[in-house]
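Residues per chain, in single letters:
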Amino acid sequence: MTADGRCAVIVGSGAWHVLRGEGGFVLGPGAPRPTPFGSSRPIFEAHLPGGRPVLLLTRHGERGYDVGAWAVNYRANLWALKDLGADLVLATCACGGIDPALAVGTFVLPHDLIDKTTRRPRTFFEASGLGVLRHAEPFCPAARKALAEALAEAGLPHVDAGVCVVTDGPRLETPAEIRAFAAEGATVVGMTLAPEFALARELEMCYAPLAWVVNPAEGVRDRPYRPDVLFEGMATEAEQASADAAAARVPAVLAAAVDRLAPDRSCHCRSAMQRYRDDGRIGDDFRTWVERPAP
Ligand SMILES: [Zn+2]
């Protein structure tokens, strides 16, 4: 646990162009990092608008959707960021709007999550009984508050609460599934926040998503099928423009949020494993918390 850890940004789909766009991140050198769970995505030394250095990683690739949400090596990515000193992870997430009140382009700061994924390694501790951790607040409350203040200050449309349901993909959801998710309390749907959020908690990193709505979820709006466009027409051209405009604001919002986050922020994330430490089951170095597979 460090009081002056580094900040990491995980970039998801819908935000690739901000990697190289005007007002976006300034990318330095990057390289994949070996971990006990395989190789991470390339991790770049980058700068947010205003110059603050961050570690930057893309879930799906630097050019497009080359690695599907179902194929992301979440464990390697989180482990590598922790290994490089990150104690804060802000994760971007393009999502579908289940709550009909959420217009495309609206930013959402989920406070809770429903994990519907089934085929993804979801813990670092498969070989032990570690990791039975409380998730009353799945996302870091301090980071969520900073993001909310940054969005408010920028005058961007946003809601500072929501429930994100996470699906496996690759297919998108059916109308009946979306109705079921709505009945369970979900307000947005995405494919990547799980198991990412729980893996960050296992490594005692603060983790919070910055999500924005890129299309209404299936069945929420009547949309004709169009085989020639993204997601076969779930969003209108005007909505796609709104989603792109929101994505373009992401780097500045992240920068403003990080500026607001004190290194000594009061949250429980960075002592999530404390009882195991107190019991003597783990030491201070997280690298010793897992049994390394034979090479
Ligand atoms: Zn935290």
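Residues numbered from 1 in each chain as written. Predicted model: local features only at pLDDT ≥ 70, side-chain atom pairs only at ≥ 80, totals over all residues. Heavy atoms only, no water.

**Section: the pairing of strand β1 (residues 6-11)**
Counting buried positions over the six residues of β1 gives five, a clear majority of the element. Taken together, the four bridges between β1 and strand β6 (residues 53-58) define a ladder with parallel strand orientation. Along β6, the bridge assignment pairs Ile10 with Leu57. (Buried < 20%, exposed > 50% of the residue type's maximum accessible area, 1.4 Å probe, protein only. Helix = DSSP H or I, 4+ residues; strand = E, 2+ residues; numbered from the N terminus. Pairing = 2+ DSSP bridges.)

**Observations regarding the pattern of salt bridges**
Across all of its chains, the model carries 22 salt bridges by this definition. Linking Arg265 and Asp87 is a salt bridge whose minimum nitrogen-to-oxygen distance equals 3.3 Å. Of the two residues, Arg265 is situated in the loop between α5 (237-260) and α6 (274-278) and Asp87 in strand β7 (residues 86-97); the sequence distance between them amounts to 178 residues. Asp87 sits in the buried class, given a relative accessible area of 6%. For Arg270, the salt bridge is made with Asp87, and the minimal N-O distance between the two is 3.2 Å. One end of the pair, Arg270, is in the loop between α5 and α6; the other, Asp87, is in strand β7, and 183 residues separate them in sequence. Both residues of the pair, Arg270 and Asp87, count as buried. One network of salt bridges, with partners in common, ties together Arg33, Asp83, Asp285 and Arg287. (Salt bridge = Lys/Arg side-chain N within 4 Å of Asp/Glu carboxyl O.)

**Quick notes on the coordination of the zinc ion**
The zinc ion binds to the protein through Cys140 (SG), Cys206 (SG), Cys267 (SG) and Cys269 (SG), with metal-donor distances spanning 2.3 Å. Motif for the zinc ion, donor spacing along one chain: C-x65-C-x60-C-x1-C. Here Cys206 is found in strand β13 (residues 206-216), whereas its partner Cys269 is found in the loop between α5 and α6, with 63 residues between them in sequence. In this structure, Cys206 and Cys269 share a single accessibility class: buried. (Donors = N, O, S within 2.8 Å, 3.2 Å for Na, K, Ca; no water.)

**Re the nonpolar core**
In this structure, Leu81, Phe124, Leu147, Leu210 and Leu254 are the most contacted members of the largest nonpolar core, which totals 91 residues. Looking at this core, the element that brings in the most residues is α5, giving ten residues. When neighbours within four sequence positions are excluded, Leu254 is seen to be in contact with Val9, Phe25, Leu48, Leu90, Thr92, Leu147 and Leu210. Within the second largest apolar cluster, ten residues are counted, among which are Val165, Ala186, Val189 and Ala217. (Core = buried A, V, L, I, M, F, W, Y, C linked by side-chain atoms within 4.5 Å. Contact = heavy atoms within 4.5 Å.)

**Quick word on the side chain of Arg59**
Within the secondary structure, Arg59 is located in the loop between β6 and α1 (74-83). Judged by relative accessible area, Arg59 falls into the buried class, the value being 1%. For Arg59, the side chain forms a polar contact with the main-chain oxygen of Thr92, separated by 2.9 Å. In this structure the side chain of Arg59 is engaged in a polar contact, spanning 2.8 Å, whose partner is the side chain of Glu196. (Polar contact = N/O pair within 3.5 Å; in protein donor to acceptor, adjacent residues only side chain to side chain.)

**Comments concerning the environment of Gly5**
Along the polypeptide, Gly5 turns up in the segment before β1. Owing to a relative accessible area of 27%, Gly5 belongs among the partly exposed residues under this scheme. Separated by 80 residues in the primary sequence, Gly5 and Gly85 have C-alpha atoms spaced 5.6 Å apart. Ignoring any residue separated from it by four or fewer positions in sequence, one finds Gly5 in contact with Gly85 and Asp87.

**Quick look at α1**
Residues lying three or four places apart along an α-helix face the same way, a consequence of the helix completing one turn every 3.6 residues. By the criterion of burial, α1 is predominantly enclosed, with ten of the ten residues buried. Within the span of α1, buried status applies to Tyr74, Arg75, Ala76, Asn77, Leu78, Trp79, Ala80, Leu81, Lys82 and Asp83. Looking at the residues trailing α1, positive phi occurs at Gly85, about 100 degrees.

**Things to note about α5**
With 24 residues, α5 extends 35 Å between its outermost C-alpha atoms, agreeing within 8% with the 34 Å of an ideal straight helix rising 1.5 Å per residue. Helix geometry: α5 is bent most strongly at Val250, by close to 40 degrees, with proline Pro251 lying one to four residues after it. The complete set of buried residues in α5 reads Glu239, Ala243, Ala246, Ala247, Val250, Pro251, Val253, Leu254, Ala255, Ala256, Ala257 and Val258. Packing partners of the buried residues in α5 comprise β1, β7, β8 (107-108), α2 (141-153) and β13. (Expected span 1.5 Å × (residues − 1). Bend = angle between axes of the 7 residues up to and from the residue.)

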